[in-house]
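Working through the structure, step by step
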Amino acid sequence: MKSPIKGLHIIDEVMGSFKTTAAIEFIKKNPKRKFIVVTPYLSETERYSAACPRLRFQHPSEEKLGSKSRSLKELLSKRKNVVITHALLLEQKVDMKEYFKGYTIIIDEALEGVIKKFDDLHPMDVNHLFYDCIELDENLTAHWIGCPNYNGKLSEIKDICDSGRLKGFQIKNGEHISQDIFRVFPSELFEAFEEVFVLTYLFKGSVFSAYLR
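Residues numbered from 1 in each chain as written. Predicted model: local features only at pLDDT ≥ 70, side-chain atom pairs only at ≥ 80, totals over all residues. Heavy atoms only, no water.

Structurally, the position occupied by histidine 86 is in helix α5 (residues 86-90). A polar contact of 3.4 Å, which involves the side chain of histidine 86, links it to the backbone oxygen of glutamate 109. With residues near it in sequence (within four places) discarded, histidine 86 still touches Val38, Thr39, Pro40, Ile107, Asp108, Glu109, Ala110 and Leu111. (Helix = DSSP H or I, 4+ residues; strand = E, 2+ residues; numbered from the N terminus. Polar contact = N/O pair within 3.5 Å; in protein donor to acceptor, adjacent residues only side chain to side chain. Contact = heavy atoms within 4.5 Å.)

This is the structure in structure tokens:
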């Protein structure tokens with residue numbers, strides 16, 4: 001698959017083909033690398049850390065710094081190996097790019113939340129955003145042009161926009177206008193990794209496959 005991401009490896013095999021076991025063996029054979037392992041569920045993170053004791057995988061915690069994202073940033077700044085969930089990875093913003101550099105990331109199961117529609121957003125609110133609050137650049141990235149101190153019901157949208165994670169489209173066909181916005185995981189973060197491994201099955205039909213293309 002063609003992608004601007006360097007060192008991208010898609011391991012697309014049926015369930016039960018020991019993809020996770022092979023990933024663990026790869027980690028154990030490369031103890032000098034720095035790894036970020038990403039699993040769908042918190043319960044699965046323990047499998048990697050228990051199987052690779054020499055690498056001393058760390059788990060971000062809310063206890064010390066108040067949020068797992070801040071904890072993750074601290075661990076990466078100390079160049080620790082970490083194992084996290086899909087949900088925590090998808091929370092990360094563009095400013096994490098420098099922390100991800102030099103790491104190999106292993107993603108167990110395809111990420112399905114890299115592109116997310118705002119299903120509860122009313123069409124009138126979308127219309128308000130396009131005409132009063134945002135503008136799209138040539139890459140369809142949205143930029144906030146409304147009130148810089150806005151603190152209304154669209155504050156979450158503004159925060160996502162300010163973090164560079166908001167994309168949109170607006171197509172005019174005569175009097176009809178099709179328009180919508182999506183939260184998109186920053187592609188710059190994947191470009192920062194030394195290598196990217198995705199352990200998956202039926203990858204071509206996934207949202208993650210479309211995102212990477």
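The next thing to look at is the environment of leucine 65. When you line up the elements, leucine 65 lands in helix α3 (residues 62-65). When its relative accessible area of 32% is taken as the criterion, leucine 65 is described as partly exposed. Put simply, leucine 65 and serine 209 are 144 residues apart on the chain and 34 Å apart in space, counted from C-alpha to C-alpha. Aside from chain neighbours lying at most four places away, what touches leucine 65 is Arg70, Ser71 and Glu74. (Buried < 20%, exposed > 50% of the residue type's maximum accessible area, 1.4 Å probe, protein only.)

All chains considered together, the criterion is met by zero disulfides. You can see cysteine 147 has no disulfide; the closest cysteine sulfur is in cysteine 133, sitting 9.2 Å from it. Judged by its relative accessible area of 45%, cysteine 147 is partly exposed. (Disulfide = S-S within 2.5 Å.)

What follows covers the confidence of the model for the chain. Mean pLDDT over the chain stands at 92; residues scoring 70 or higher make up 98%. Within the chain, no element has a lower average pLDDT than α3, which sits at 86, and none a higher one than strand β2 (residues 34-39), at 98. (pLDDT = per-residue confidence, 0-100.)

This paragraph deals with the pattern of salt bridges. Enumeration according to the criterion identifies eight salt bridges in this entry. Measuring nitrogen to oxygen at the nearest pair gives 3.7 Å for the salt bridge that ties lysine 28 to glutamate 25. In this pair, lysine 28 and glutamate 25 both sit in helix α1 (residues 19-29), three residues apart, roughly one turn of the helix. Overall, the relative accessible area of 39% leaves lysine 28 in the partly exposed class. Residue glutamate 25 is classed as partly exposed on the basis of its relative accessible area, which comes to 36%. A salt bridge links lysine 101 to glutamate 98, with the shortest nitrogen-to-oxygen separation between them at 3.1 Å. A relative accessible area of 38% means that lysine 101 is categorised as partly exposed. (Salt bridge = Lys/Arg side-chain N within 4 Å of Asp/Glu carboxyl O.)

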